[in-house]
Amino acid sequence: MTTKKLLQQEPGPSTYVDDDYYRRLHGIAQDWSNPGPPVAPDLHHEITALLHRECRLLDDGRFEEWLDLFQEQCIYWVPSDPAPHNPGRTITWEIQDRRRLEDKIARYRTGFAFSQLPPTRTRHCLSNIEIWATGETELRVRANLTIHTYRKGERGTLACMGGYVLQGQEGGGWLIEVKQVNLIDADQAQGNISFML
């Protein structure tokens, strides 16, 4: 999706984030420490390549292409607690549905997102990738995620657990439904994390 299209869209209410969906997210958050049997090597390779691409697009600032890796009903969630609770009832650093992600990208492109002037430079690194199936068309991925940052002469490193829920598509391939980023120090002050983790 292009920046022009994002800017032209009329904002509307989320049609899928409700109490049931928040409860689903809470349930997913409880499952990251209990992975199922690993997927076959070919599928592991395919999904790892998808997530490496996701990291590269973020590092290159290609946010519209990054959002194309997500399905229409999606969530980007950065909890503010090392042991995340129901995000419908607790404070989070960020919880964005598709509409809010589109708004955030459009705002970046206006040149008036002052918390990102100049933009944060990032390098996302994935390791310890575990992938397992939770249904015929749903995969879970847990990985260690390290994000190296540079902005205004300051360097930083964020250590995280990256959790992904992927949904298989009718025409083949996979799209991200949920990206959950658990900062190792989520309950501490974070400074400027207004960029995409």
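Residues numbered from 1 in each chain as written. Predicted model: local features only at pLDDT ≥ 70, side-chain atom pairs only at ≥ 80, totals over all residues. Heavy atoms only, no water.

## Some thoughts on helix α5 (residues 98–110)
Right, on to step 1. Relative to the 18 Å expected for 13 residues at 1.5 Å per residue, α5 spans 19 Å between its end C-alpha atoms, a close match to the ideal helical length.
Right, on to step 2. Those residues of α5 that sit buried are R98, L101, E102, K104, I105, A106 and Y108.
Right, on to step 3. Sitting at the amino-terminal end of α5 is D97, which places a side-chain oxygen 3.3 Å from the backbone nitrogen of R99.
Right, on to step 4. Just downstream of α5 lies G111, where phi reads positive at about 85°. (Helix = DSSP H or I, 4+ residues; strand = E, 2+ residues; numbered from the N terminus. Expected span 1.5 Å × (residues − 1). Buried < 20%, exposed > 50% of the residue type's maximum accessible area, 1.4 Å probe, protein only. Polar contact = N/O pair within 3.5 Å; in protein donor to acceptor, adjacent residues only side chain to side chain.)

## Some words on the sheet that holds strand β6 (residues 174–183)
Right, on to step 1. A sheet is described by the order of its strands in space; here six strands give the open sequence β2-β1-β6-β5-β4-β3, paired in mixed fashion. Each of the sheet's edge strands pairs with one partner strand only, and the pair in question is β2 (92–97) and β3 (121–133). Across the sheet, the mean angle separating the axes of adjacent strands is 15° when strand polarity is ignored.
Right, on to step 2. By the bridge criterion, 14 bridges tie strand β4 (residues 138–151) to strand β5 (residues 154–168) in an arrangement that is antiparallel. Among the inter-strand pairings, R140 is bridged to a residue of β5, identified as V165. (Pairing = 2+ DSSP bridges. Axes fitted to C-alpha atoms, helices over the stretch in contact; angles between N-to-C directions.)

## A word on the side chain of Q71
Right, on to step 1. With respect to the secondary-structure elements, Q71 resides in strand β1 (residues 70–79).
Right, on to step 2. Residue classification places Q71 among the buried residues on the basis of a relative accessible area of 17%.
Right, on to step 3. Once you skip the residues sitting within four places of it in the chain, Q71 turns out to touch R98, Q167, Q169, L175, I176 and E177. (Contact = heavy atoms within 4.5 Å.)

## Overview of the nonpolar core
Right, on to step 1. Formed by 41 residues in total, the largest nonpolar core has its most connected members in W66, L166, M196 and L197.
Right, on to step 2. Mapped onto this core, the elements with two or more residues apiece are α3 (41–59), α4 (63–67), β1, α5, β3, β4, β5 and β6.
Right, on to step 3. The element that contributes the greatest number of residues to this core is α3, accounting for six residues.
Right, on to step 4. Leave out the neighbours within four places in its chain, and L166 touches I47, L50, T137, E138, L139, V141, W174, L175, I176 and E177. (Core = buried A, V, L, I, M, F, W, Y, C linked by side-chain atoms within 4.5 Å.)

## A word on the environment of R89
Right, on to step 1. Locating R89 in the fold gives a position in the loop between β1 and β2.
Right, on to step 2. Taking the relative accessible area as the measure of exposure, R89 reaches 66% and is therefore exposed.
Right, on to step 3. Between the alpha carbons of R89 and Y22 there is a distance of 8.6 Å; along the sequence they are 67 residues apart.

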